[in-house]
Amino acid sequence: MTRVFSGIKPTGNLTLGNYLGAMRRWADVDQHQADALFCIVDLHALTVDHDPARVRRLSRQAATLLLAAGLDPELCTVFVQSHVDEHARLSYLLECVATDGEMRRMIQYKEKSARERERGGSVRLSLLTYPVLMAADILAYGTDEVPVGDDQTQHVELSRDLAVRFNQRYGLTFAVPRATRPKIAARIMNLQDPASKMGKSDDSGPGIVYLLDEPDVMRKKIMRAVTDSASDIVYDREKRPGVANLLEILAACEGGDPEELSGAYGSYGALKKDTAEAVVELLRPVRERHKELCADPGYVDGVLRAGAERATGMARPRVDAAYRAIGLLPAV
Ligand code: AQP
């Protein structure tokens, strides 16, 4: 059976982008068709300036939202990265296989380090090495497929390169994973700045639909989305990014095609109204289930405990094999 691994970083409240680009497919497709692991990658949240209490709160919230979105612990493994030591153990070995140049070429590193410097802050070493830890997350489980949005494909490429290099140098140890991306909604854009991704750690609140926004707040944000001064509705991501983004969101919610949908609308108002209602209706059951799960924290704790145990059992033999292969003396 195909093994699938994917993760979500507790760096902010989860967004419509996270849901349409990743979570929905994990729940609707991956957990049914594959041996799937979904991880709250909390160690990755420490790569930029962070508040410890907030990371803890967001990790629990992300776990609760994943379950609310339909992940079923009977079908897949849901766990927190820091609960499984094998990730950090393997990451160091992979740092001994990766190069400094590879890390500095990563687009997310360039963007996020520039942002940190602009803010007058210093860049954490872990921001540079983050893609290696992500490779460890993936390779520790013998992963075949990594379902991700567009922004993560370069990191999955690196995981492939490191798997191949390790195997060539030290003997066959890791499966070589491949990224899979959704046909639509691989990159939902910020409603106020359609040139930028709708990212959860952005500060631009009005451009981001959060999964836990009240329905009226969602409606308001979508009705106020930036479009352009032209009056016709055309699907063109390059020239008309704001309208294209709304069409993609609507298509992703309703299972249609953005290009075909563009022909059905004569005004921005009607498109925005339908998009807002489609988003509110799509997220309604997630919000309701989230409320129920919040009233039962013991259930979420139990899922995470069992998930960590299962994940450790899957990862440990492969990571132990990597320790032996690379030349470390086994403890007796
Ligand atoms: N806007 C988006 N459109 C489509 N997919 C998206 N994903 C994130 N934003 C969008 C996908 O969601 C999964 C989990 O993402 P992540 O938590 O690992 O972090 P990220 O990719 O770095 O997303 P963010 O929200 O932009 O976080 P910050 O702001 O902290 O960097 C991934 O599969 C991702 O592709």
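Owing to the predicted nature of the structure, the values given are computational and were not obtained by experimental measurement. (Residues numbered from 1 in each chain as written. Predicted model: local features only at pLDDT ≥ 70, side-chain atom pairs only at ≥ 80, totals over all residues.)

1. Considering the site of the ligand
Around the ligand sit 24 residues in total, of which Gly17, Gly21, Gly149, Gly199 and Ser201 are the nearest. At the level of secondary structure, the elements contributing two or more residues to the shell around the ligand comprise β1 (3-8) and α1 (16-33). Residue contributions to the shell around the ligand peak at 4 residues, all from α1. A class-by-class count of the residues in the shell around the ligand yields 7 nonpolar, 12 polar and 5 charged. (Near = placed C-beta within 6 Å. Helix = DSSP H or I, 4+ residues; strand = E, 2+ residues; numbered from the N terminus. Nonpolar A, V, L, I, M, F, W, Y, C, P; charged D, E, K, R; others polar.)

2. Details of the domain arrangement of the protein chain
On domain assignment, one finds that the protein chain holds domain 1 (3-181 + 296-326) and domain 2 (205-292). Look at where the C-alpha atoms of domain 1 and domain 2 centre, and you get two points 29 Å apart. Between domain 1 and domain 2, the contact holds 11 residues from the first and 12 residues from the second. At the level of elements, α1 and α2 (52-68) are the ones that each hand at least two residues to the side of domain 1 that touches domain 2. Looking at side-chain class alone, the side of domain 1 that touches domain 2 contains 7 nonpolar, 3 polar and 1 charged residues. (Domains from an automatic or database assignment. Contact = placed C-beta atoms within 7 Å.)

3. Details of the packing of helix α3 (residues 86-95) against helix α6 (residues 125-139)
The geometry of a pair of packed helices is captured by two quantities: the angle between their axes and the separation between those axes. Relative to each other, α3 and α6 sit at 120 degrees, their axes nearing to 8 Å. As summarised for this structure, α3 and α6 are arranged oblique, according to the angle between their axes. Crossing of α3 against α6: the hand is right-handed. Residues His87, Leu90, Ser91, Leu94 and Glu95 of α3 form the contact with α6, whose own contacting residues are Thr129, Val132, Leu133, Ala135, Ala136, Asp137 and Leu139. In terms of residue class, the contact of α3 with α6 is built from 7 nonpolar, 3 polar and 2 charged. (Axes fitted to C-alpha atoms, helices over the stretch in contact; angles between N-to-C directions. Parallel < 35°, antiparallel > 145°, perpendicular 65-115°, else oblique. Left-handed = near helix turned anticlockwise from the far one by under 90°.)

4. Comments concerning the nonpolar core
Counting 92 residues, the largest nonpolar core has Leu66, Val78 and Val279 as the members making the most contacts within it. It is helix α9 (residues 241-254) that provides the largest number of residues to this core, a total of 9 residues. Excluding its chain neighbours within four sequence positions, the residues that come into contact with valine 78 are Phe38, Ala63, Leu66, Leu67, Leu71, Pro73, Val303, Leu304 and Gly307. (Core = buried A, V, L, I, M, F, W, Y, C linked by C-beta atoms within 7 Å. Buried ≥ 20, exposed ≤ 12 C-beta atoms within 10 Å, placed from the backbone.)

5. Some details on the UniProt feature "binding site: L-tryptophan" (unreviewed entry) in the protein chain
Cross-referencing UniProt, the feature "binding site: L-tryptophan" (unreviewed entry) maps to Asp137 in the present numbering. Topologically, aspartate 137 is positioned in helix α6. Overall, the presence of 28 C-beta atoms within 10 Å leaves aspartate 137 in the buried class. Each residue touching aspartate 137, except ones within four places of it in the same chain, is listed here: Phe5, Gly7, Cys39, Val41, Gln81 and His87. (UniProt positions renumbered as here; feature names shortened; annotations may be inferred.)

6. Digging into the pairing of strand β3 (residues 77-80)
As a general feature of sheets, a regular strand has side chains that alternate between the two faces. Burial of β3 is two-sided: the residues Thr77 and Phe79 facing one way and the residues Val78 and Val80 facing the other way are all buried. Where strand β2 (residues 35-40) and β3 come together, 4 bridges link them in parallel fashion. Residue pairing for β3: phenylalanine 38 is matched across the bridge by valine 78. Handedness of the β-α-β unit built from β2, α2 and β3 comes out right-handed. (Pairing = 2+ DSSP bridges. Right-handed = clockwise from strand over helix to strand, strands pointing away.)

7. Examining the packing of α2 against helix α12 (residues 297-326)
As a packed pair, α2 and α12 sit with axes 10 Å apart at the nearest point and diverge in direction by 90 degrees. When the axis of α2 is compared with that of α12, the two are roughly perpendicular. For the pair formed by α2 and α12, the contact residues are Arg60, Ala63, Thr64 and Leu67 on the first element and Val300, Val303 and Leu304 on the second. Each residue belonging to the contact of α2 with α12 can be placed in one class, and the counts come to 5 nonpolar, 1 polar and 1 charged.

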